[in-house]
Amino acid sequence: MPPLFRRAAGRLTDAAPGWLVETVRPAPAPLRWWPMLRLAVAVTVPLLLGFASGNVTAGLLPALGAINAGIADRGGPYRVRIVLMGAAGAAGALGYLVGSAARGHGWWIVPVVVAVAVVSALVSTGGATGSAAGLQLLVMTVIATGIGLPGASGANALAFLLGVLWVIALAVADWPFHPRAPERGAVIEVYRALDRLFSEHDAPALAAFDTALKRGYDVVLGARSPAAGLDPGRTRLVALLNQASLIRNALLSLRYEGREPPAGAASAVRAVAGALAGGPAPRTPPRELGSPAVLALCSAVRGAVELVSGGDVAADQLPYEPVGYRSRILAVLEQMWRGHLVRVYTVRLALCMGVAAAFSASGLLERSYWMMLTVALVLKPDFGSVFARAVQRALGTVVGALVGTLVLVLVPYGPLLLVPIAVCAALMPYGLQRNWGLMSTFQAALVLLLVDLLTHGGPDLGRIRMLDTLIGCVIVLVLGYLPWPASWEAPVGPRLADTVAATANYLRHAFDAGHAGRARLRRGVYDALGDLRTVFQRAMAEPPVISRRVTTWMPAMAALEQVADAIAVTVARTERGAPPPSEAAVRALADRLEDIAGDIREGNDPGDPGLCVEEALERVHSAVRSLRDTVSGDRRG
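Note that this is a predicted model, so its numbers are computed, not measured.

Peer 1: Which residues make up the environment of T374, and what are the values?
Peer 2: Structurally, the position occupied by T374 is in helix α16 (residues 369–378). Taking relative accessible area as the criterion, T374 reaches 0% and is therefore assigned buried. As for T374 and V476, which are separated by 102 residues in sequence, their C-alpha atoms are 8.6 Å apart. For T374, the residues in contact, after removing those within four places along its chain, are R393, T469, G472 and C473.

Peer 1: Now, about the packing of helix α9 (residues 181–199) against helix α12 (residues 265–276): what can you tell me, with residues and values included?
Peer 2: Two elements in contact, α9 and α12, have axes whose closest approach is 9 Å; the angle formed by their N-to-C orientations is 165 degrees. Here α12 runs roughly antiparallel to α9, going by the angle between their axes. For the element pair α9 and α12, the recorded crossing hand is left-handed. Seen from α9, the contacting residues are R184, V187, I188, Y191, R192, L194, D195 and F198; seen from α12, they are A265, A266, V269, R270, V272, A273 and L276. Residue composition of the contact of α9 with α12, grouped by class: eleven nonpolar, no polar and four charged.

Peer 1: Which residues make up the environment of S131, and what values do they have?
Peer 2: Position of S131 relative to the elements: it lies in helix α7 (residues 127–146). When its relative accessible area of 4% is taken as the criterion, S131 is described as buried. When the C-alpha atoms of S131 and L84 are compared, they prove to be 9.4 Å apart, with 47 residues separating the residues in sequence.

Peer 1: An account of the side chain of N68 is needed here, citing residue identities and associated values.
Peer 2: Mapped onto the elements, N68 comes out in helix α4 (residues 60–72). Judged by relative accessible area, N68 falls into the buried class, the value being 10%. Setting aside its immediate chain neighbours within four residues, N68 contacts Q136, M140 and F160.

Peer 1: Go over the pattern of salt bridges, please, and point to the residues and values.
Peer 2: Summed over the entire model, instances satisfying the criterion amount to ten salt bridges. For E189, the salt bridge is made with R192, and the minimal N-O distance between the two is 3.2 Å. Separated by three residues within a single helix, E189 and R192 lie in helix α9, roughly one turn from each other. According to the relative accessible area criterion, R192 is partly exposed, its value standing at 40%.

Peer 1: Go over helix α24 (residues 554–574) with me, naming the residues and quoting the values.
Peer 2: Taking 1.5 Å of rise per residue, 21 residues should cover 30 Å, and α24 covers 31 Å from first to last C-alpha, within 8% of that figure. Of all 21 residues that make up α24, 15 are buried, and the element is covered over most of its length.

Peer 1: Outline the packing of helix α3 (residues 33–53) against helix α8 (residues 153–171), supporting the account with residue identities and numerical values.
Peer 2: In the contact formed by α3 and α8, the axes pass within 10 Å of each other and the chain directions differ by 150 degrees. Here α3 lies roughly antiparallel to α8, going by the angle between them. Between α3 and α8 lies a crossing whose hand is right-handed. Contacts from W34, R38, V41, A42, V45 and P46 of α3 reach α8 at W166, V167, L170 and A171. Here the contact of α3 with α8 is built from residues that sort into nine nonpolar, no polar and one charged.

Peer 1: Go over the side chain of S120 with me, naming the residues and quoting the values.
Peer 2: Along the chain, the position of S120 falls in helix α6 (residues 109–123). Of note is the side chain of S120, whose polar atom sits 2.6 Å from the backbone oxygen of G134. The residues touching S120, leaving out its near neighbours within four places in the chain, are G134, L135, L137 and L138.

Definitions and limits used
- Residues numbered from 1 in each chain as written.
- Predicted model: local features only at pLDDT ≥ 70, side-chain atom pairs only at ≥ 80, totals over all residues.
- Heavy atoms only, no water.
- Helix = DSSP H or I, 4+ residues; strand = E, 2+ residues; numbered from the N terminus.
- Buried < 20%, exposed > 50% of the residue type's maximum accessible area, 1.4 Å probe, protein only.
- Contact = heavy atoms within 4.5 Å.
- Axes fitted to C-alpha atoms, helices over the stretch in contact; angles between N-to-C directions.
- Parallel < 35°, antiparallel > 145°, perpendicular 65-115°, else oblique.
- Left-handed = near helix turned anticlockwise from the far one by under 90°.
- Nonpolar A, V, L, I, M, F, W, Y, C, P; charged D, E, K, R; others polar.
- Salt bridge = Lys/Arg side-chain N within 4 Å of Asp/Glu carboxyl O.
- Expected span 1.5 Å × (residues − 1).
- Polar contact = N/O pair within 3.5 Å; in protein donor to acceptor, adjacent residues only side chain to side chain.

Shown next, in the form of C-alpha cells:
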C-alpha cells in the first residue's frame, strides 16, 4: 500500500470505534493464483463466446453458474469439491426454474419466496453441502424473479448448469495427474505445524497445530465414500495424522517434565513432511532411553517415519471411519424437526425474505431483487455473525458499487468490459479468504458489470445497487437481528459445556488401551475445542454489549484446553511405563467433569472436586480444579 493511502487508512482506523475496526479488519491470507485464475477464466469464457456469437446474453447464465459454483468451492478433496459444487449448481438451477415461474405474477412472489426461504433454511442444516445448496436455491430464485432473460426457462436452467459443469471441469483438471494432492497437502501442513511445536512452545503454535490436525482429518476422511471400501493410500495418511497427534501429546509430556526433545526428533518430523512433498524417505532416528515422555516421543516419531517410508500400517494406526450416509441423513432430519436454533433461523429468514419480497412486489424500487439477495446472503448464521456480515456487506457493496460505476464511466460497452470482469472474478476467491466484506466489494462490482451487459443500465446502476443493499441490511438488522433474544446471547457457554462433556467422555476411556473408539473420542475433544474457538471468534465480532460478556469465558476456555492436554500427557506417559491410575479414580474425575458441564448449562457454581488421591492423576486433577475455579467466576454470554 502506498504511504499516502497507508496514512489515510491509519487516520480512519484511529477515528472509527474499536469494535467496528475489528469487524471489518481483513484477515491475512496468501495470494492463491490458480483459484483466482480459474474463476476468472470460468466467468469470462462464456461471455467471450457470447460476444463472438453476437448474443452476449447467452453467456450470462453460464457465467452466473460458474460464479455460484466457483464461490462454493472451498478446496479440499476432489470428491468433496465435486459434490459441493454440483449440489450448489443443481439447487441453483432448480431455484431459477421456481423464480422464473413466479416472475410476473405480482404479489404471488411473496409466498413463493417465503416458501423457498423455509426450504433453504432447512436444507442448510445438512453440513457444508446443504448450506451451499440451500443458499444457491434461494439466491437463484430471487435472481430469476427479478431478471427476465430471453428463451425458455428450461433451456436457461440448462445453460446455468453448463456454467457449473465448466467450472467443475476446471477445478478437477489435474485430478488424473495428482489424485491425492489435497489430502497429501493437508497432512504436510500438519507435520509442518508439528515441526514448529518443537521450537515454539506458546499457545498460538499449539492452537495452529490443532487446527491443522482437525482440517487434516476432515480432508482425508472426507475424500472417500463410506461405501467405497478401504483405500490403502488414504489409510496411510490417516495413520500419519494419528501419529502426529501422538507426537504432539508426547511433546507436551516432555514439557511437563521440563525436558528437551531428543536430538534428531525435530529433524525427523521435518523429513516426514519433506517426504510427503516428494522428497527422499527420512532416516529412522535412533532409539532413546529415558523417561516415559521420552520413550513416547521416540516411539511416535519412529512410527511416523516408518509409515512415510512405506512400512505396514499397524492395527492401532487404522483410521476411524467417517459416519455413513444413512446416519448423516438421520442426524440432519433430527436437527430439522427438533433443533431450536434451526426453527428460529427459519422463522427469521422467512420473515425477512417475506418483507423484502413485499417491497419487491410493490414496485417501489427499480431492481429490488438486489435487496432480497442481500437479506439471503447476510442472514446466514453458519457463515458467522449476522451483525458483522451486515456491516461488511453494506461497506463492501458501497465500495464495490463505486468501483463498478467508475468502470462503467471509463470503459465503453462491449468486449472491453471483460477485462474488469475478469479482474473482479479473480479477486473474489482472494477476498473470501480475507474478509467477507472484501469479497462483497469484488462481487458487487462484478455483478454490476454483468447486469450492465444485459440491461445497458450504465453508471446509474451503482446508485441503485447501493440503495437496495443498504435497505436489505436494514431489514436484516431491524427484523432479523435486534428483536431476537438469541442475537444478544452468543452461544459460547452452551458450546463450552458440550466440550467439557466430550472431555469427560474421553477421560472415561483414555486409559483403556483396548477400547476401540478411544482415538475417535480423543479426536472428538480437539474437534470440539476447535469449534468452540470458532464460536468464540464469531461472538467477538458482535457489538460490544455482547462481545464484552463473551470475553468472560476466555479463562474457562484456556483452562479446558489445559484439561484436555493434561489427559493426553498422562495417557502418553502411562503407555510408556508410568504407573496408570485406577479405574475408580478415573471414573470419579470424569463424573466431576460431567457435573461441571451440567453446572455451566444451568448457570450454577461448580462444586469442589476434592483432593487428588492418586499421583498418576495429579496433573489432570489440578487442571480440572483450575477449570472449576475459572467457571465459578462471571459467566455471562
